[in-house]
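So you can see what is in the structure, the chains are spelled out below.
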Protein chains: 2
Amino acid sequence: MSHIYLLRHGKVNGPAALYGKTDIEVSSTIDNEILTTLINHQDKFTQVLTSPLKRCATLAQNFSQQIKKPITIIEDLQEINFGDYDGRAFDDIPYTDPSIANTVGDDLRPWTDLERFWQNPVKYPLPDAEKLNDFYLRIKHAWQAQLTKYTDENILLITHGGVIRMILAEVLGLDWKNAKLFSQLQIGNASITHLSSNINPMNSSNDIKVHAIAMPLSGLTADE
Amino acid sequence: MSHIYLLRHGKVNGPAALYGKTDIEVSSTIDNEILTTLINHQDKFTQVLTSPLKRCATLAQNFSQQIKKPITIIEDLQEINFGDYDGRAFDDIPYTDPSIANTVGDDLRPWTDLERFWQNPVKYPLPDAEKLNDFYLRIKHAWQAQLTKYTDENILLITHGGVIRMILAEVLGLDWKNAKLFSQLQIGNASITHLSSNINPMNSSNDIKVHAIAMPLSGLTADE
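What comes next concerns the included structure. The structure presented is a predicted model; accordingly, all values stated were derived computationally and were not measured.

About the criteria used
Residues numbered from 1 in each chain as written. Chains lettered and ligands numbered in written order. Predicted model: local features only at pLDDT ≥ 70, side-chain atom pairs only at ≥ 80, totals over all residues. Heavy atoms only, no water. Helix = DSSP H or I, 4+ residues; strand = E, 2+ residues; numbered from the N terminus. Buried < 20%, exposed > 50% of the residue type's maximum accessible area, 1.4 Å probe, protein only. Areas by Shrake-Rupley, 256 points an atom, 1.4 Å probe, with all protein chains shown as cover. Lys, Arg positive; Asp, Glu negative; His and termini not counted. Charge placed at Lys NZ, Arg CZ, Asp CG, Glu CD. Contact = heavy atoms within 4.5 Å. Buried area = accessible area lost by both parts, 1.4 Å probe. Salt bridge = Lys/Arg side-chain N within 4 Å of Asp/Glu carboxyl O. Polar contact = N/O pair within 3.5 Å; in protein donor to acceptor, adjacent residues only side chain to side chain. Phe/Tyr/Trp six-rings, centres within 6.5 Å; stacked < 30°, edge-to-face > 60°. Lys NZ or Arg CZ within 6 Å of the ring centre and 35° of its normal. Pairing = 2+ DSSP bridges.

A tally of regular secondary structure across chain A gives 6 helices and 6 strands. Secondary structure elements of chain A, listed N to C terminal, follow the sequence β-α-β-α-β-α-α-β-α-α-β-β. The dimensions of chain A, computed from C-alpha atoms along their principal axes, are 60 × 45 × 30 Å. A total of 224 residues make up chain A; the buried ones form 50% of that total. About 10,200 Å² of surface is accessible on chain A, with carbon and sulfur atoms providing 46% of the total. With 20 positive and 27 negative side-chain charges, chain A shows a spacing of 3 Å between the two charge centroids.

This part takes up the interface of chain A and chain B. Counting from both sides, the interface comprises 26 residues of chain A and, opposite them, 26 residues of chain B. Summing the contributions of chain A and of chain B, the shared interface buries around 2,100 Å²; its carbon and sulfur component is 54%. Counting across the chain A and chain B interface gives 0 salt bridges. Remark: the boundary between chain A and chain B carries 15 residue pairs in polar contact (both at pLDDT 80 or more). If you list the elements that add at least two residues to the side of chain A that touches chain B, you get helix H5 (161-172), helix H6 (180-183) and strand E6 (206-216) of chain A. Broken down by element, the residue count for the side of chain A that touches chain B peaks at 10 residues, all from E6 of chain A.

It is worth spelling out the environment of Thr58 of chain A at this point. Structurally, the position occupied by Thr58 of chain A is in helix H2 (residues 54-67). For Thr58 of chain A and Leu114 of chain A, which are 56 residues apart along the polypeptide, the C-alpha to C-alpha distance reads 30 Å.

Next up on the list: the packing of aromatic side chains. In the structure shown here, the tally under the stated rule is 10 aromatic pairs over all chains. Between Phe82 of chain A and Phe117 of chain A, the aromatic rings sit 6.2 Å apart at their centres with planes inclined by 90°, giving edge-to-face as the arrangement. Residue Phe82 of chain A is found in the loop between strand E3 (71-73) and helix H3 (109-119), and its partner Phe117 of chain A is found in helix H3; the two are separated by 35 residues along the sequence. Of the two residues, Phe82 of chain A and Phe117 of chain A, both sit in the buried class. Ring plane angle 55° and centroid distance 5.4 Å describe the contact between Phe117 of chain A and Trp118 of chain A, whose orientation is recorded as tilted. Here the aromatic residues Tyr5, Phe45 and Phe63 of chain A are joined through ring pairs into a cluster of three or more. The cationic tip of Arg116 of chain B hangs over the ring face of Tyr124 of chain B; the distance from NZ or CZ to the ring centre is 5.4 Å. Over the face of the ring belonging to Trp176 of chain B we find Lys177 of chain B, whose NZ or CZ atom lies 4.8 Å from the ring centre.

We now examine the pairing of strand E6 (residues 206-216) of chain B. Residues and elements named next belong to chain B. Note that strand E5 (residues 191-199) and E6 share 8 bridges and pair antiparallel. Counted as the bridge partner of Ser196 is Lys209 from E6. The loop that links E5 with its antiparallel partner E6 comprises 6 residues; one of these, Ser204, has a positive phi angle of about 60°.

What follows is about the pattern of salt bridges. Residue and element names in this part refer to chain B. Applying the stated criterion to the full structure yields 6 salt bridges over all chains. Linking Arg138 and Glu130 is a salt bridge whose minimum nitrogen-to-oxygen distance equals 2.9 Å. As far as the burial class goes, Arg138 and Glu130 line up, both buried. Across the salt bridge formed by Lys209 and Asp207, the nearest N and O atoms sit 3.3 Å from each other. Taking the relative accessible area as the measure of exposure, Lys209 reaches 21% and is therefore partly exposed.

See below:
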């Protein structure tokens, strides 16, 4: 049996915004706090995998060096690309109540774009962004190719909130188009989602189970 | 804002079986371990709610007495009724590989019943059991009537794995017929699922968020 721990990166060092492809960093203070907790539980991990973006990869590289375990960067496990709004601070986007947006001009379009996207990300994609369907397929393929091949490893994968949601959708057979997976299910910064993977000897199928979703990092201390 | 902590009862004191309506107990040793952890975090809770079944209610009563907070028993938040198989030890059910069950006699029917139920609980309900649809509606109505009315409370609800899954289906808009919610999503004994409930002043709607699912009980110690 293998265990796979999906760690969302720490809070990024920038104003509130949609951060997807934007390669923003986590402050070294926050990364060091997470690193200390991980080192205290280093016996749990035999390999480190990471998104290529700095908010994940910097911590992953520091941790793999400290515990002298292999690291693999998986390009396809980076966050969704939010297009024109990616990395643009919410405070810099002019706000008007979207309920009156039909009666007004172009300067009110941005918040209408965002509100519609939250309510139905498939029907109202953001301009020049990655389609949700393409994102789901990218994560699904990377998951199947890169993460279900292990038979006896304990994997730490440092990645993003959107990526963790799409992996859960794949494993639990959820509808990846469901907007509530994004608006109601919180995947906190530095939270851990714990999965196990077990090849069934009866039919060689891979039985993936979800043990905990978005638990605080210190949940690693619990008996399992 | 209110917080709602869904605690699944401890491991029951009996052989492996489907326990639904069967009123089996948790050993006092296990209940006392959980009680100690809860008392260490008693400041988090202002009210105790519980299923009427002993595996939940005994702990709930002990805890509410210790911390001198009100307790409410909610009849409708008990587990699904598994009918003829409820409480019947798996070891007492004759086993034959279901793939050859068509070629054999009646004594092999029970495992075929169970295998089919796991794969598609809506299409293949267990004999004399509560229908999954009825169970979902029971939990949905109890949730809406009993748990979304609080505006500034911290609720501990001690209940069952099936009940927690149905609450998650309701809050996250998941398909309650999805068999993987039962077979792949583990809700461990004595695990905590943390939700928050916030009345939106803009439109008086109730915004429920899911912060962590099935985290080990000691996850309560984390910053939140």
